[in-house]
Amino acid sequence: YPLSPLPQPLSLRFPFHLSLIAIMAEEQTEETKDEARQFMRGLVGSAPETEHDFTGGDGIDMSTWRIAYAEHASSQKEGDSSSSLMEKFWSMYDPRQASIWTMAYDEADDNESLSETITITKEFMKRTQSIRDRCFGIMHTLENLEVKGLWIFNDPDPERLFGVNEDSSWFTWSQLGPEANEYVKGAVSEFLVATDGDKLKGKTIKHTQVLG
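A short tour of the structure in this document, coming up. Since the structure is predicted, the reported quantities are computational estimates derived from the model, not experimental observations.

Quick look at unusual backbone geometry now. Following Gly-177, the chain continues into Pro-178 via a peptide bond in cis, with omega recorded as 15°. Within the secondary structure layout, Pro-178 lies in the loop between strand S4 (171-176) and helix H7 (182-192). Here the phi dihedral of Leu-145 falls at roughly 75°; this positive angle occurs in a residue that is not glycine. Mapped onto the elements, Leu-145 comes out in the loop between strand S2 (135-142) and strand S3 (147-153). Exposure remark for Leu-145: the relative accessible area of 14% places this residue in the buried category. For Lys-201, which is not glycine, the phi torsion reads 55° and is therefore positive.

The subject of this paragraph is the pattern of salt bridges. Going through the model one piece at a time under the given rule, you end up with six salt bridges. Across the salt bridge formed by Asp-155 and Arg-134, the nearest N and O atoms sit 3.2 Å from each other. With Asp-155 in the loop between S3 and helix H6 (159-164) and Arg-134 in the loop between helix H5 (114-126) and S2, this pair connects stretches of sequence that are 21 residues apart. In this structure, Asp-155 and Arg-160 form a salt bridge, with 2.9 Å as the shortest nitrogen-oxygen distance. Looking at Asp-155, the relative accessible area reads 10%, which means it is buried. Classification of Arg-160 as partly exposed rests on a relative accessible area of 38%. One connected set of salt bridges, linked through shared partners, spans Arg-134, Asp-155 and Arg-160.

Rules used in this analysis
Within every chain, residues take consecutive numbers counted from 1 along the sequence as written. Given that this is a predicted model, residues contribute local features only at a pLDDT of at least 70 and side-chain atom pairs are listed and counted only at 80 or more, while totals for whole chains, interfaces and linings are drawn from all residues. Heavy atoms from the whole structure form the basis of all side-chain values; hydrogens and water molecules are not counted. Secondary structure elements follow DSSP: runs of H or I of four or more residues count as helices, runs of E of two or more count as strands, with numbering from the N terminus. Here's how the labels work: a residue is buried when its accessible area is under 20% of the maximum for its type, exposed when over 50%, partly exposed in between, all with a 1.4 Å probe on protein chains only. Here a salt bridge means any side-chain nitrogen of Lys or Arg lying within 4 Å of a carboxyl oxygen belonging to Asp or Glu.

Put into structure tokens, the structure is as follows:
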């Protein structure tokens, strides 16, 4: 019998949003911003429906999760297992109230130094502070100056982030899940438990930035 394909993450690539957000950055008019956001809303809203339809609600308690993540990060040097952190996360995750997305920097080939690339991640986090109660994010700068990250939203998609942080247009966003199967759990763990010096996608992590 033919083998069934492995479950794959829902990937939403936005081929036109870079130019739209670039216009937003240049003209800075509310009318232009609204048009771009409406277009983005149509793109992220085109994902196929699943048995885990997003219903909304309180979602993940981001304050509680940040405390758990910080405690894990501070105890890693003592050999703390990552399993307890991931058990905590999945006990809080409900696909009807939260969504998980990866990000990848589209202009990595233009990065010239590690320090400049790290600055990109720091500035991204600063511009996202206003919605930190609705999301959690981690961004890893790799040895080849790529930037890859993982974001958790108490929303069905990153639209809220698109609205407050124009730098989001320089990244490709792909959804993991919504079902928390073994593939998704492994992918999420790879991002959340990794730290400087670890490997991500086969490349060494040189710097990690977290939305604190």
